Amino acid sequence: MSSSNFPSKTSRLSENYGLETFKEMRKQYKEMISTLPKRESEYPFFDSCQYEGFWYNSSFLESALCMQQNFKAQPSDIFLCSAPKTGTTWRNALTFSIMTRHDDFTNSPLLNKLPHECIPCLELAFLSNPKFVDAELPLLSTHLPYTLLPKSILESDNCKIIYICREPKDTFVSWWHFTQKIKAKLSSKVSLVTLDQAFKWFCQGKSGYGPYWDHILGYWKASVERPERVFFFKYEDLKEDTLGYVKKLADFMDKPFSKEEQERGVPQEIVSRCNFENWSNLEVNKSEKYIYENLPGVSNSLLFRKGDIGDWKNYLTKDMAKFIDDITLEKFKSSGLTFASSVK
Ligand code: A3P
């Protein structure tokens, strides 16, 4: 990717970063986090603690709190937000491709790297290399709920947010498979969680960055209040009309396709390169390499399973489906937000 197409940036890390005051701040976060309510985690070797209503791994939370105070959003930044298993990787590939389409697609970093390696993740940066957030491309990703985003994002009049969500039953099924596969990969000694147990946790809001419904609501409300700043969409709609959404995303990102690009079929090319079939078959995406050193067991291939709508029918009983649908209806009532299979 050529870098000259993006304005050179000042650092996104505050001047405190690296100084004694910063180290002291981290120490205080660690101490505070050690006092938070904990629960059994679905991820082996990870804890899960509750902070301001949401469940996090404590290292990610520490990193997120550091970012909350020390991250300086740039006016042109676009934040790719989502709860896990809702189409994060696909959305990131599409937006990355839209943003970098001035380069020949045959040179795209996505042919050899996951979007996770091309787009810095806010809450993981402090665990590995905080300077990664200084990447030139104005795209950053996060699973953090709206309320825990860095202050500089929430208070900005310029930067934008793109949020993808997914029907809760399919999200649950995708999450359950994901965590089971990680466990199976890591050790035969790690016990698997039954679908029933995982279902109970998910419905009680005890999933990574959950309660899932509250995660969605935070961004939904922000999109209703500031539609010009927050683009909210559903995995199901993206599947239904990928080309239409690629164009809408490009418009929202202030990177609309020119007439000439449309005639050359550039939006169609992006859709086709990132579609499940083509993309999951790239060597990099079939790889068993771990995405992050500090996230054992999460290999590239785990990010691709089926990519279907309605796969929950193969796993949930009618009663389970009704149970989740009832939560969805209750949580979203009077918000104006609906999911097709939850509407009675
Ligand atoms: P399933 O487990 O239902 O197959 P995330 O990226 O947020 O972890 O989401 C993972 C889900 O997105 C998985 O769903 C995965 O298969 C699906 N997915 C990944 N790439 C996709 C693509 N190009 N098109 C459609 N779905 C995709």
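Given the structure is predicted, the values throughout are model-derived calculations rather than measurements.

*Asks:* Looking at this model, I keep getting lost on the sheet that holds strand β2 (residues 48-51). Mind explaining?
*Replies:* An order of β1-β2-β3 is seen for the three strands of this open sheet, with the pairing classed as antiparallel. Unpaired on one side and paired on the other, β1 (38-39) and β3 (54-56) mark the two borders of the sheet.

*Asks:* Quick question: what am I supposed to make of the pairing of β2 here?
*Replies:* For a regular strand, side chains alternate in direction, first toward one face of the sheet and then toward the other. Of the strand pairs in this sheet, β1 and β2 are connected by two bridges, and their pairing is antiparallel. Paired with R39 across the bridge in β2 is S48. The sheet contact formed by β2 and β3 spans three bridges and is antiparallel. Across the sheet, the residue bridging to C49 is Y56, located in β3. Two successive antiparallel strands, β2 and β3, enclose a turn made up of two residues, where E52 displays a positive phi of approximately 45°.

*Asks:* Where do I start with the pattern of salt bridges in this structure?
*Replies:* It is possible for side chains bearing opposite charge to pair when their charged atoms get close. With the rule as written, the count across this model stands at 16 salt bridges. Where E261 meets R101, a salt bridge forms, and the shortest distance between an N and an O atom there is 2.7 Å. Here R101 lies in the loop between α3 (88-99) and α4 (115-118) and E261 lies in helix α12 (residues 259-264), a separation of 160 residues in the sequence. Since its relative accessible area comes to 13%, E261 is described here as buried. With a shortest N-O distance of 3.0 Å, D214 and K331 are connected by a salt bridge. With D214 in helix α9 (residues 212-225) and K331 in helix α16 (residues 318-332), this pair connects stretches of sequence that are 117 residues apart. By relative accessible area, K331 is classed as partly exposed at 33%.

*Asks:* Could you clarify how one ought to interpret the packing of aromatic side chains in this entry?
*Replies:* Aromatic ring pairs are defined here through the distance separating the ring centres and the angle between the ring planes. Under the counting rule described, the total for this entry stands at 22 aromatic pairs. When the ring of F199 is compared with that of F323, the centres are 6.2 Å apart and the planes differ by 50°; the resulting orientation is tilted. Of the two residues, F199 sits in helix α8 (residues 195-203) while F323 sits in helix α16, which places them 124 residues apart along the sequence. Residue F199 is classed as buried on the basis of its relative accessible area, which comes to 9%. Each ring, one from F233 and one from Y245, has its centre 5.6 Å from the other, and the planes form 20°; the classification is stacked. Residue F233 is located in strand β7 (residues 230-234), and its partner Y245 is located in helix α11 (residues 242-252); the two are separated by twelve residues in the primary sequence. Each member of the pair, F233 as well as Y245, is classed as buried. Among the aromatic side chains, those forming a connected cluster through ring pairs are F172, W175, F199, F202, Y212, W213 and F323. Here the guanidinium or amino end of R166 rests over the ring plane of Y235, the centre of that ring lying 4.1 Å away.

*Asks:* Would you explain the site of the ligand in this entry?
*Replies:* As a matter of local geometry, the ligand sits amid 18 residues, with T88, T89, S174, K306 and G307 nearest to it. Between the ligand and C274 there is a distance of 2.9 Å, counted from a nitrogen atom to a backbone nitrogen or oxygen. At 2.7 Å from an oxygen atom of the ligand is found a main-chain nitrogen or oxygen belonging to G307. Within the complex, the protein chains bury 97% of what would otherwise be the 570 Å² of accessible surface of the ligand. Elements represented by at least two residues in the shell around the ligand include exactly α3 and α14 (276-280). For the shell around the ligand, the class distribution of residues is seven nonpolar, seven polar and four charged.

Rules of the game
Residues numbered from 1 in each chain as written. Predicted model: local features only at pLDDT ≥ 70, side-chain atom pairs only at ≥ 80, totals over all residues. Heavy atoms only, no water. Pairing = 2+ DSSP bridges. Helix = DSSP H or I, 4+ residues; strand = E, 2+ residues; numbered from the N terminus. Salt bridge = Lys/Arg side-chain N within 4 Å of Asp/Glu carboxyl O. Buried < 20%, exposed > 50% of the residue type's maximum accessible area, 1.4 Å probe, protein only. Phe/Tyr/Trp six-rings, centres within 6.5 Å; stacked < 30°, edge-to-face > 60°. Lys NZ or Arg CZ within 6 Å of the ring centre and 35° of its normal. Near = heavy atom within 4 Å. Polar contact = N/O pair within 3.5 Å; in protein donor to acceptor, adjacent residues only side chain to side chain. Areas by Shrake-Rupley, 256 points an atom, 1.4 Å probe, with all protein chains shown as cover. Nonpolar A, V, L, I, M, F, W, Y, C, P; charged D, E, K, R; others polar.

Function cannot be inferred from these measures alone, as they are strictly geometric.
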